[in-house]
Amino acid sequence: MIRALTGLMWVVLAGFLAGAMPAWAQDADALLAQARAELGPDCAAQPQPDRLSDILCAGEIRIGVRDGYPNFAVNRAGIRAGYEIDLARRIAGIIGVEARLVDVTPVTRISALSNGTVDLVIATMGHNSVRDANARFIRPHYYSSETILIGPRRLRIDGWGDVADRTVCTTVGNFANAMLVERVARLMLFDTPARLIENLESGTCLLIVQDDSVMVNALADPDFGGRFERKLGISEIPWGMAVALDGTDRLGAVLDALSIQLHSGGALLEMAVPHGIELRFLERMQNLWSQPGCQDTPSVCVLAPLNTDLDPGPLKAVIAAINAWMQDTFAFLYSQFAWDLFINGVAISLVAVVGVLIATLLISLLFAAGLLVKNRLLNGALGLLLMIFQGSPPILILVMLATFANAIFFYSLTVALFVAILAIGLVNGAFAGQGIADAWRSLDDRISDRSRLRRAIVRAGPQIEAFLTNATRGIAAASYVGVADLTNAMNDIASFSRNQSITYWILLIFYVLVVMAVVKLSRALRLKLEYALAGE
């Protein structure tokens, strides 16, 4: 009873504190108190599960940090130090949880947020307009830097035009890379600033681009500073802590409020001093956020992200239109279920095509041999089959054979596929076999049977090609007897697709391409056989 009343008191008090001020200016302590009160004792109640609730209930916050950025975040023999490390631990302490520091790199820091590996990133990440689509940045920003071009003192560079034909080395993930590609001939990428400096000193890189925050120690060194100097600078960019886009509204609000408090009280400036980093930005921010206007209306004092959007090219509208058409047209393949249906249908259709081609060829040879045997009973039976095939639609033959097979065997996809291949192969193979038999009879019977057969096949080649093509087209009818080919798959997809017509266009294009491939292959084989016969 007492515990319940205590929890209720926290809810009322936290609600009063939170409701008494605008969202931007809410005190971090009030926001945290409200969140804890809503969770209840031992996190028994979670009225709105989100990242802040997860952090409070787990008793730790996972913070992505770098491990090789001098003065900001280094890890020497398991001991972490730096301005960002101190900031991460300070934030965890204010929230009242443990800080679990997780290594991230410029390549992985945003993906670590989106896949839930970390709750917060404090990793020298510049806040630009492009990154707003991938992460929710905390403002006010905790630092700012300028990207500078560094090269040998002996090399005279007065402007960006002097480096337009040069290779410049930079690090992967640097925000300025998008602007650099417009100013220099080529970029050479390295994974860490340390490797960048090493390659500058070794001569591999004549010019490097890096944040001035990284280069402050190097340029202050008498040896390095005596040989290299700052040449040019690119726009200043604010550094921001960041959280994921989804499920972080309350966590973001808490961190926004914390950032205001840490600036206005001078805590960020105090943390930075021992690490020897440039302080002008932090001094400016402390003065700004100490003013009543920023406390009352924070939105007018926060810095905007650096605009790194590239100017649109002349084809942007065309590409956007094509992209929109592609998304609308092929939206039916976005689901995994539809994609699996499509791939399975294509695979079964290709198996069916290969099977019906082999069946047509084998049946044509067997049919030809049967017609050439001097046996009236066999000849009559085969002639009757030819009459039936000639006067009946292939689909009817297919259905009749399927009905007969289902009366003998249990129905299965394998049985259906076998019946379809046999039926279509039988119809087309019979007519192709008749052509081979007619060609055999027209040849001189004094040549060897082997040579005579090859010549008969060549002479009947156009007929064989025609019936192989018919067989390829006809196998699409296999769906009538339950074969899960592309025709069936596209019918299933069309049943829940917004754009049903495109599904049938895909089916048409598929079989046109397959038929073209069969025609080309059969013609190439016939020509090869003709060349072989010409050499005899």
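Thresholds, definitions, all that
Every chain begins its residue count from 1, and numbering advances along the sequence as written. Where totals are concerned, whole chains, interfaces and linings use all residues; where local detail is concerned, this predicted model gives features only for residues with pLDDT of at least 70, and gives and counts side-chain atom pairs only at 80 or more. Values shown for side chains rest on all heavy atoms present in the structure; no hydrogens or waters enter the calculation. With a 1 Å grid spanning the protein atoms alone, the term cavity applies to any set of points in which a 1.4 Å probe fits but cannot get out, the term pocket to an open set with protein on both sides within 12 Å along at least five of seven lines, and the term lining residue to any residue with an atom within 4 Å of a point. Grid points are joined across faces, edges and corners, and a volume is the space filled by probe spheres set on the points. For helices the rule is a DSSP run of H or I covering at least 4 residues; for strands it is a run of E covering at least 2, with both sets numbered from the N terminus onward. Take a side-chain nitrogen of Lys or Arg and a carboxyl oxygen of Asp or Glu: if they are within 4 Å of each other, that pair is a salt bridge. Here's how the labels work: a residue is buried when its accessible area is under 20% of the maximum for its type, exposed when over 50%, partly exposed in between, all with a 1.4 Å probe on protein chains only. Between any two strands, pairing holds if DSSP finds at least two bridges. Here, expected helix span is obtained from the residue count minus one, scaled by 1.5 Å. Each patch is built from residues lacking any salt bridge and having more than 30% relative accessible area; the joining distance is 9 Å for like charges and 5 Å for nonpolar side chains (Val, Leu, Ile, Met, Phe, Trp, Tyr). All accessible-area figures derive from a Shrake-Rupley calculation using a 1.4 Å probe, and residue coverage is judged against the displayed protein chains alone. Structural elements are reduced to axes, namely lines fitted to C-alpha atoms, with helices fitted over the stretch in contact, and the angle between N-to-C directions of any two is expressed from 0 to 180 degrees. By definition in this entry, angles of less than 35 degrees are roughly parallel, angles greater than 145 are roughly antiparallel, angles of 65 to 115 are roughly perpendicular, and the rest are oblique. The sense of a crossing depends on the near helix, which, turned anticlockwise from the far helix by less than a right angle, makes the crossing left-handed and, turned clockwise, makes it right-handed. As used here, the arc is the angular range of directions from the helix axis to the C-beta atoms. Note on definitions: a residue-residue contact is assigned when non-hydrogen atoms from the two residues lie within 4.5 Å. Each Phe, Tyr or Trp ring (for Trp, its six-membered ring) is paired with any other whose centre lies within 6.5 Å, and the angle between the two planes then decides the class: stacked below 30 degrees, edge-to-face above 60, tilted in between. Consider the ring centre and the ring normal. A charge sits over the ring if Lys NZ or Arg CZ is within 6 Å of that centre and within 35 degrees of that normal. Each residue gets one label: Ala, Val, Leu, Ile, Met, Phe, Trp, Tyr, Cys and Pro are nonpolar, Asp, Glu, Lys and Arg are charged, and the others, such as Gly, are polar.

(A) Quick peek at empty space enclosed by the protein. All chains considered together, the criterion is met by two cavities of 30 Å³ or more. Computed from the structure, the largest cavity encloses a volume of approximately 150 Å³. Forming the boundary of the largest cavity are 18 residues, of which Arg109, Thr124, Gly173, Asn174 and Asp211 lie nearest the centre. Put simply, the parts of the chain that give the lining of the largest cavity at least two residues each are strand S11 (208-211) and strand S12 (228-239).

(B) View of the pattern of salt bridges. According to the stated counting rule, one finds 18 salt bridges in the structure shown. Here Glu146 makes a salt bridge to Arg230, at a shortest N to O gap of 3.3 Å. Residue Glu146 is located in strand S8 (residues 143-152), and its partner Arg230 is located in strand S12; the two are separated by 84 residues in the primary sequence. Overall, the relative accessible area of 25% leaves Glu146 in the partly exposed class. With a shortest N-O distance of 2.8 Å, Arg280 and Glu278 are connected by a salt bridge. Overlapping salt bridges bring together Glu38, Asp50 and Arg250 as one network.

(C) Region of the structure containing the sheet that holds strand S3 (residues 73-76). Spatial strand order, S2-S3-S4: three strands in an open sheet with antiparallel pairing. The open sheet has two free edges, formed respectively by strand S2 (68-69) and strand S4 (79-81), since each of these has just one partner strand. Where S2 meets S3, two bridges bridge the pair, whose relative direction is antiparallel. Across the sheet, the residue bridging to Gly68 is Val74, located in S3.

(D) Just helix H10 (residues 249-264), in detail. With 16 residues, H10 ought to run about 22 Å at 1.5 Å a step, and its terminal C-alpha atoms sit 23 Å apart, in line with that. Restricting attention to buried positions, one finds in H10 the residues Arg250, Leu251, Gly252, Val254, Leu255, Asp256, Ala257, Leu258, Ser259, Ile260, Leu262 and His263. The positive-phi residue at the C-terminal boundary of H10 is Gly266, with phi of around 80°.

(E) Inspection of a nonpolar patch on the surface at higher detail. On the surface, Leu315, Val318, Ile319, Ile322, Trp325 and Met326 cluster together into a nonpolar patch covering about 610 Å² of accessible area. In this structure, Met326 sits in helix H14 (residues 316-329).

(F) Spatial organisation of the packing of helix H15 (residues 336-372) against helix H18 (residues 413-441). Across the interface, H15 lies against H18 with an axial gap of 5 Å and an inter-helix angle of 40°. When the interaxial angle is binned, H15 and H18 end up oblique. H18 is crossed by H15, and the crossing has right-handed handedness.

(G) Examining helix H17 (residues 394-408) more closely. In this model H17 runs 22 Å from its N-terminal to its C-terminal C-alpha over 15 residues, within 8% of the 21 Å that 1.5 Å per residue would give. Listed in full, the buried residues belonging to H17 are Ile397, Leu398, Ala402 and Ala405. Mapping the buried residues of H17 onto a view down its axis gives an arc of 130°, with all of them on the same face. Exposed side of H17, more than 90 degrees from the buried face: Met400, Thr403, Phe404 and Ala407 are the residues found there. In this structure, the buried residues of H17 make contact with helix H16 (376-391) and H18.

(H) Layout of the packing of aromatic side chains. For the structure shown, the criterion picks out 14 aromatic pairs. Summarising the aromatic geometry, the rings of Phe72 and Trp239 are spaced 4.9 Å apart at their centres and angled 50° between planes, so their arrangement reads as tilted. Here Phe72 is found in the loop between S2 and S3, whereas its partner Trp239 is found in strand S12, with 167 residues between them in sequence. The class for Phe72 is buried, based on a relative accessible area of 0%. On the numbers, 5.2 Å between centres and 65° between planes, the contact of Tyr143 with Trp239 is edge-to-face. Separated by 96 residues along the polypeptide, Tyr143 in strand S8 and Trp239 in strand S12 bring together distant segments of the chain. Neither Tyr143 nor Trp239 differs from the other in exposure class; each is buried. Ring pairing ties together the aromatic residues Tyr69, Phe72, Tyr83, Tyr142, Tyr143, Trp239 and Phe281, which thus form one cluster. Residue placement shows Arg183 over the ring face of Trp160; its charged tip is 5.4 Å from the ring centre.

(I) Main features of the layout of surface pockets. Size it by volume and the largest pocket reaches roughly 430 Å³. Along its surface, the largest pocket is lined by 18 residues, and Leu361, Ile464, Leu468, Ser522 and Leu525 are the ones closest to its centre. Among the secondary structure elements, those contributing two or more residues to the lining of the largest pocket are H15, helix H19 (449-459), helix H20 (461-474) and helix H22 (500-534). Tallying contributions element by element places H22 first for the lining of the largest pocket, with six residues. Its residues assigned to classes, the lining of the largest pocket comprises twelve nonpolar, three polar and three charged. As a volume, the second largest pocket reaches approximately 370 Å³. As for the second largest pocket, its lining consists of 15 residues, and the residues nearest its centre are Glu146, Asp212, Ser213, Glu278 and Arg280. Contributing elements (two or more residues each) for the lining of the second largest pocket: S8, helix H8 (212-220), S12 and helix H12 (280-289). No other element matches the five residues that S8 contributes to the lining of the second largest pocket.

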